[in-house]
Amino acid sequence: MADNLSDTLKKLKITAVDKTEDSLEGCLDCLLQALAQNNTETSEKIQASGILQLFASLLTPQSSCKAKVANIIAEVAKNEFMRIPCVDAGLISPLVQLLNSKDQEVLLQTGRALGNICYDSHSLQAQLINMGVIPTLVKLLGIHCQNAALTEMCLVAFGNLAELDAIKLQLVEAGLVECLLEIVQQKVDSDKEDDITELKTGSDLMVLLLLGDESMQKLFEGGKGSVFQRVLSWIPSNNHQLQLAGALAIANFARNDANCIHMVDNGIVEKLMDLLDRHVEDGNVTVQHAALSALRNLAIPVINKAKMLSAGVTEAVLKFLKSEMPPVQFKLLGTLRMLIDAQAEAAEQLGKNVKLVERLVEWCEAKDHAGVMGESNRLLSALIRHSKSKDVIKTIVQSGGIKHLVTMATSEHVIMQNEALVALALIAALELGTAEKDLESAKLVQILHRLLADERSAPEIKYNSMVLICALMGSECLHKEVQDLAFLDVVSKLRSHENKSVAQQASLTEQRLTVES
């Protein structure tokens, strides 16, 4: 084989110059065979032979063997070490020219060759874009949408290009979205494998284009856009892939307040709740996750919270409490936390829901899933902070949630520490008697001493820790712990703290400690 290959390469050098058609075709077939048997080794020999430089002349529109040459380039460019040599041999420009061909085989092999050469290289992709390949490829996709291999090639190329934000807008402006919607429309009811793949690639690409802020806003068009309307129609479809893409698209459109408010006012919440309802029992986890993501984003603007609560979103979301899937648990928690932000009544209602609180306490111990653990802690704290309700605190104490809030006060994230300290201060102010045993066994006083003594603690952490110390003085056993730990020394040092609020709170706390001692 090796000798045979060397002979072929020598022969090819001569025939490529004379362009003797028949022997040229024979040589190219030999190369393709050799590449099929051992791609890496054959590619190395092709590079060493210097034949790549001759390929540019065989890629002209007049050349009868251009499809085979493009196929060989596509095969060798699967190897990373061959990509720069292909560029150096000047192959990109003639390949781009061939994208104007009418021949489907030429188009397919040319697309493969360019895709493999530019794979993973942003600078080469940018070069292609400057040479105008985007409108050309969009046109090809429109013309040849019946050819599965060509369609797949175009979709993969767009998928690679669309990684760059600036390019997303160019793709949208070149009319790619209309082509994608057309593909989806054609393939949605088919059960052929190729069509199912195309439907998935096309709808995924649609969602990818919405990740760019400018491209997303352009397609939203104030909620009037035909693309936005079409995507809405995917949500009630019976096709899981389209339901998924529809929900993900809504989550992406819901990246700013104006869009969220518009969508909630126009009934998107009911569509998403219907979708979730169809996936409660043995549902599709990716669809559940996507629909919950969309609801969570929609719940961010203050004005949407009450509307979503009265639409029954909490009830719809709570149906997934029994889910054992961490991604679904994570989004469920985030959605509830967004919904109850500054909504006292909803926070109280949820905080008295024993099933929910017990599940939160269980998830607070999900060591393998830091995200779920963090969100459960944050929701426990939010239920107390937003309801300021004694009944909620009692439910959390009875379900064993106190120790988790105390642990949360030592989190590495300041925002979580703070949320925990504020919730604990409310517990101490409203239900100290009920909670004192749990606060004592969770070593809260020792933790507060550590937070105040640690120079790295943020000012708000020091401030809230002192507020909490004052609130704990009403409990005999906790008061005794405070006295045993010489808090006065730590607190009096903070009187000269550079942050005014911390310094003032230190003076107040010092007075309180002195009076109580």
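The structure this text deals with has already been given above.
Keep in mind the model is a prediction, meaning the values are calculated, not measured.

Basis of the calculations
Residues numbered from 1 in each chain as written. Predicted model: local features only at pLDDT ≥ 70, side-chain atom pairs only at ≥ 80, totals over all residues. Heavy atoms only, no water. Helix = DSSP H or I, 4+ residues; strand = E, 2+ residues; numbered from the N terminus. Rg over C-alpha atoms; globule rule 2.2 N^0.38 Å. Buried < 20%, exposed > 50% of the residue type's maximum accessible area, 1.4 Å probe, protein only. Contact = heavy atoms within 4.5 Å. Areas by Shrake-Rupley, 256 points an atom, 1.4 Å probe, with all protein chains shown as cover. Lys, Arg positive; Asp, Glu negative; His and termini not counted. Charge placed at Lys NZ, Arg CZ, Asp CG, Glu CD. Polar contact = N/O pair within 3.5 Å; in protein donor to acceptor, adjacent residues only side chain to side chain. Axes fitted to C-alpha atoms, helices over the stretch in contact; angles between N-to-C directions. Left-handed = near helix turned anticlockwise from the far one by under 90°. Nonpolar A, V, L, I, M, F, W, Y, C, P; charged D, E, K, R; others polar. Salt bridge = Lys/Arg side-chain N within 4 Å of Asp/Glu carboxyl O.

1. Observations regarding the overall build of the protein chain
Helices and strands together make up the secondary structure of the protein chain, namely 34 helices and 0 strands. Here the C-alpha atoms of the protein chain give a radius of gyration of 32 Å, more than 25% beyond the 24 Å that 2.2 N^0.38 yields for 517 residues. Put simply, the protein chain has 517 residues, and 55% of those count as buried. Summarising the internal contacts of the protein chain: among those between residues at least 6 apart in sequence, 71% fall at separations of at least 24. Summed over its atoms, the accessible surface of the protein chain is roughly 23000 Å², and 52% of this surface lies on carbon and sulfur atoms. Separation of charge centres in the protein chain, based on 49 positive and 65 negative side chains, amounts to 3 Å.

2. Quick word on the environment of glutamate 41
Tracing the backbone shows glutamate 41 in helix 3 (residues 39-49). The exposure class of glutamate 41 is partly exposed, given its relative accessible area of 40%. Residues glutamate 41 and glycine 474, 433 residues apart in the sequence, show an inter-C-alpha distance of 80 Å. Side-chain polar atoms of glutamate 41 contact the side chain of asparagine 38, separated by 3.0 Å.

3. Here's the deal with the packing of helix 26 (residues 370-387) against helix 29 (residues 414-441)
The relative placement of two packed helices is expressed as an angle between their axes plus a distance between the axes. As a packed pair, helix 26 and helix 29 sit with axes 9 Å apart at the nearest point and diverge in direction by 40 degrees. In this structure, the crossing between helix 26 and helix 29 has a hand that is left-handed. Along the contact surface, helix 26 presents Gly374, Arg378, Ser381, Ile384 and Arg385, while helix 29 presents Ile415, Met416, Glu419, Ala420, Val422, Ala423, Leu426 and Ile427. A per-class count over the contact of helix 26 with helix 29 returns 8 nonpolar, 2 polar and 3 charged.

4. Notes on the pattern of salt bridges
Evaluated as defined, the whole model comprises 22 salt bridges. Arginine 359 is paired through a salt bridge with glutamate 324; the nearest N and O atoms lie 3.1 Å apart. Taken together, the residues span a long stretch of sequence, with arginine 359 in helix 25 (residues 354-363) and glutamate 324 in the loop between helix 22 (313-318) and helix 23 (326-340) at a distance of 35 residues. The class for arginine 359 is buried, based on a relative accessible area of 10%. Assessed through its relative accessible area of 59%, glutamate 324 is described here as exposed. For glutamate 375, the salt bridge is made with arginine 337, and the minimal N-O distance between the two is 3.0 Å. One end of the pair, glutamate 375, is in helix 26; the other, arginine 337, is in helix 23, and 38 residues separate them in sequence. Taking relative accessible area as the criterion, glutamate 375 reaches 9% and is therefore assigned buried. Overlapping salt bridges, with partners in common, bring together Lys187, Lys192, Asp195 and Glu198 in one network.

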